[in-house]
Amino acid sequence: MNGPGKGNDNGKGYALVTGASGGIGAEFALQLAASGRALILVGRKRERLERTLGALRGPRAAESLVMPADLSEQGAASRLHAECAARGLIVETLVNNAGSGVFGAAVDSDPEAVEAMLRLNVQALASLSALFGRDMKARGAGEILNVGSFAGLQATPYFAAYAASKAFVLDYSLALRAELAGTGVKVTCLLPGYVRTAFDANAGVGSPAYLKFSEANSLDAATVARIGLGALARRKAWTIAGARNRFAAALFSLLPRSIPPRIMRAALERLI
Ligand SMILES: NC(=O)c1ccc[n+]([C@@H]2O[C@H](COP(=O)([O-])OP(=O)(O)OC[C@H]3O[C@@H](n4cnc5c(N)ncnc54)[C@H](OP(=O)(O)O)[C@@H]3O)[C@@H](O)[C@H]2O)c1
């Protein structure tokens, strides 16, 4: 069985990681490189991607490259796929990790910020999965790891659109996995809870109490990336990172769907 890092074709393919300029994505890249993969690093900021590139260690690290792209732009996924094809780069492993959040009351949110988030979290992820998944299916081998969130398991007040986008990621991934069963293409969805990255700050979370709570309950990015790649290697459909998150998810799943959002609202309003 191919694990992450073993490749699927002739060992000359690439692992493409979106959001590789920091946070969990940079850790995915470091771990994939360490296990023998050459990387295509995608994100908006070239200099931060090049920092990740310079930190890669592994037998094929030197073959790795950066491809700066704003995946919230219309058509960005198709352009990225076309660039890989034009350069003859075979993507054996796709890690759809890039994602952003917009924090705050839904009715007070900036619609344009929410739209950009949805294009990144939903549209780019679906398009990249479809475009590279089609190639993998034709080759009879490949692996796709999509990064959802614990927040996607229940409606989450103050992260309403973000949580809904992550519900999409899980449902889309499970459907894609079922469609591709028997083709040689693996699909796994990783659901992290709080992770120590720039995510909260980028999402506009300003409350010291919230930040303290999320920090106290978070896993580090390297651990979360390891859990995701491990689940992909074991062909798991999905995995929730962290025992505490798995316990909370199990509890919430026993309740009517209207109850967890009320619990989350009460919890969050104590923090913001
Ligand atoms: N941190 C958490 O608590 C947490 C919890 C659950 C799930 N997640 C999920 O984990 C994934 C990684 O998040 P993280 O915590 O590592 O956050 P992060 O530190 O903010 O990193 C996000 C990454 O996505 C890239 N990105 C953002 N907007 C982009 C765009 N428009 N086009 C291309 N790349 C873009 C960023 O790079 P550039 O700025 O260079 O574009 C960065 O590399 C996300 O999908 C997030 O939803 C995070």
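Residues numbered from 1 in each chain as written. Predicted model: local features only at pLDDT ≥ 70, side-chain atom pairs only at ≥ 80, totals over all residues. Heavy atoms only, no water.

Draft legend 1. The site of the ligand, seen in detail. Every one of the 30 residues lining the ligand counts as a neighbour, but Ser21, Arg44, Lys45, Tyr162 and Thr197 are closest to it. Within the backbone of leucine 71, one N or O atom sits 2.9 Å away from a nitrogen atom of the ligand. At 2.6 Å, a side-chain N or O of threonine 197 approaches an oxygen atom of the ligand. Within the complex, the protein chains bury 95% of what would otherwise be the 880 Å² of accessible surface of the ligand. Residue assignment for the shell around the ligand shows that the elements contributing at least two residues are helix H1 (23-34), helix H5 (160-180) and helix H6 (199-203). Of the residues contributing to the shell around the ligand, the split by class is 13 nonpolar, 13 polar and four charged. (Near = heavy atom within 4 Å. Polar contact = N/O pair within 3.5 Å; in protein donor to acceptor, adjacent residues only side chain to side chain. Areas by Shrake-Rupley, 256 points an atom, 1.4 Å probe, with all protein chains shown as cover. Helix = DSSP H or I, 4+ residues; strand = E, 2+ residues; numbered from the N terminus. Nonpolar A, V, L, I, M, F, W, Y, C, P; charged D, E, K, R; others polar.)

Draft legend 2. Quick peek at the layout of surface pockets. Considered as a void within the structure, the second largest pocket measures approximately 220 Å³ in volume. Forming the boundary of the second largest pocket are Leu153, Gln154, Ala155, Trp238, Ile240, Ala249, Phe252, Ser253, Leu255, Pro256, Arg257 and Pro260. Mapped onto the lining of the second largest pocket, the elements with two or more residues apiece are strand E9 (238-240) and helix H9 (243-253). Per element, the largest residue contribution to the lining of the second largest pocket is three residues, and it comes from H9. The class makeup of the residues in the lining of the second largest pocket is nine nonpolar, two polar and one charged. (1 Å grid on protein atoms, 1.4 Å probe; cavity = no way out; pocket = protein on both sides within 12 Å on 5 of 7 lines; lining within 4 Å. Points joined across faces, edges and corners; volume = space filled by probe spheres on them.)

Draft legend 3. Seen up close, a nonpolar patch on the surface. Residues Phe247, Leu251, Leu254, Leu255 and Ile263 make up a contiguous nonpolar surface patch of roughly 500 Å² in combined accessible area. Mapped onto the fold, leucine 255 is located in the loop between H9 and helix H10 (259-269). (Patch = residues over 30% accessible without salt bridge, like charges linked within 9 Å, V, L, I, M, F, W, Y side chains within 5 Å. Salt bridge = Lys/Arg side-chain N within 4 Å of Asp/Glu carboxyl O.)

Draft legend 4. How the structure looks around the packing of helix H4 (residues 111-139) against H5. At a closest axis distance of 10 Å, the pairing of H4 and H5 adopts a crossing angle of 10 degrees. On the basis of the axis angle, H4 is roughly parallel to H5. Of H5, the residues touching H4 (which contributes Val114, Met117, Leu118, Asn121, Val122, Leu125, Ala126, Ser129, Ala130 and Lys137) are Ala161, Tyr162, Ser165, Lys166, Phe168, Val169, Tyr172, Leu176 and Leu180. (Axes fitted to C-alpha atoms, helices over the stretch in contact; angles between N-to-C directions. Parallel < 35°, antiparallel > 145°, perpendicular 65-115°, else oblique. Contact = heavy atoms within 4.5 Å.)

Draft legend 5. Structural detail: the pairing of strand E4 (residues 91-96). Burial within E4 is extensive, with six of its six residues counted as buried. Looking at chain direction, E4 and strand E5 (residues 142-147) are connected through four bridges and run parallel. Paired with asparagine 96 across the bridge in E5 is asparagine 146. Following the backbone out of E4, through H4 and into the adjacent parallel E5, one traces a crossover that is right-handed. (Buried < 20%, exposed > 50% of the residue type's maximum accessible area, 1.4 Å probe, protein only. Pairing = 2+ DSSP bridges. Right-handed = clockwise from strand over helix to strand, strands pointing away.)

Draft legend 6. Layout of helix H3 (residues 76-86). Taken as a whole, H3 has its buried residues at Ala76, Ala77, Leu80, His81 and Cys84. Buried residues in H3, looked at end-on, bunch into an arc of 135 degrees, giving them a common side. Exposed residues pointing more than 90 degrees away from the buried face of H3 are listed as Ala85 and Ala86. Contacts from the buried residues of H3 go to strand E1 (14-18), strand E2 (38-43), strand E3 (65-68), E4 and H4. Once H3 finishes, glycine 88 follows within two positions and takes phi at roughly 70 degrees, a positive value. (Arc of directions from axis to C-beta.)

Draft legend 7. Structural view of the sheet that holds E2. Read from one edge to the other, the open sheet built from seven strands follows the order E3-E2-E1-E4-E5-E6-E9, with strand pairing classed as parallel. Each edge of the sheet is formed by a strand with only one pairing partner; in this case those strands are E3 and E9. Geometrically, the sheet is characterised by an average inter-axis angle of 15 degrees between neighbouring strands, direction not taken into account. Inspection of the sheet shows strand E6 (residues 185-191) paired to E9 by three bridges, in the parallel sense. From the neighbouring strand, cysteine 189 faces E9, where its bridge partner is tryptophan 238. Against the sheet, H3 engages E1, E2, E3 and E4, with an angle of about 145 degrees to E3.

Draft legend 8. Representation of the pattern of salt bridges in the model. All told, the structure shown has nine salt bridges when counted by the stated rule. A salt bridge links arginine 46 to glutamate 50; the shortest N-O distance between them is 3.5 Å. Taken together, the positions of arginine 46 and glutamate 50, both in helix H2 (residues 46-55) and four residues apart, correspond to about one turn of that helix. One salt bridge connects glutamate 73 with arginine 79, and the closest N-O pair in it is separated by 3.3 Å.

Keep in mind these numbers describe shape, not what the thing actually does.
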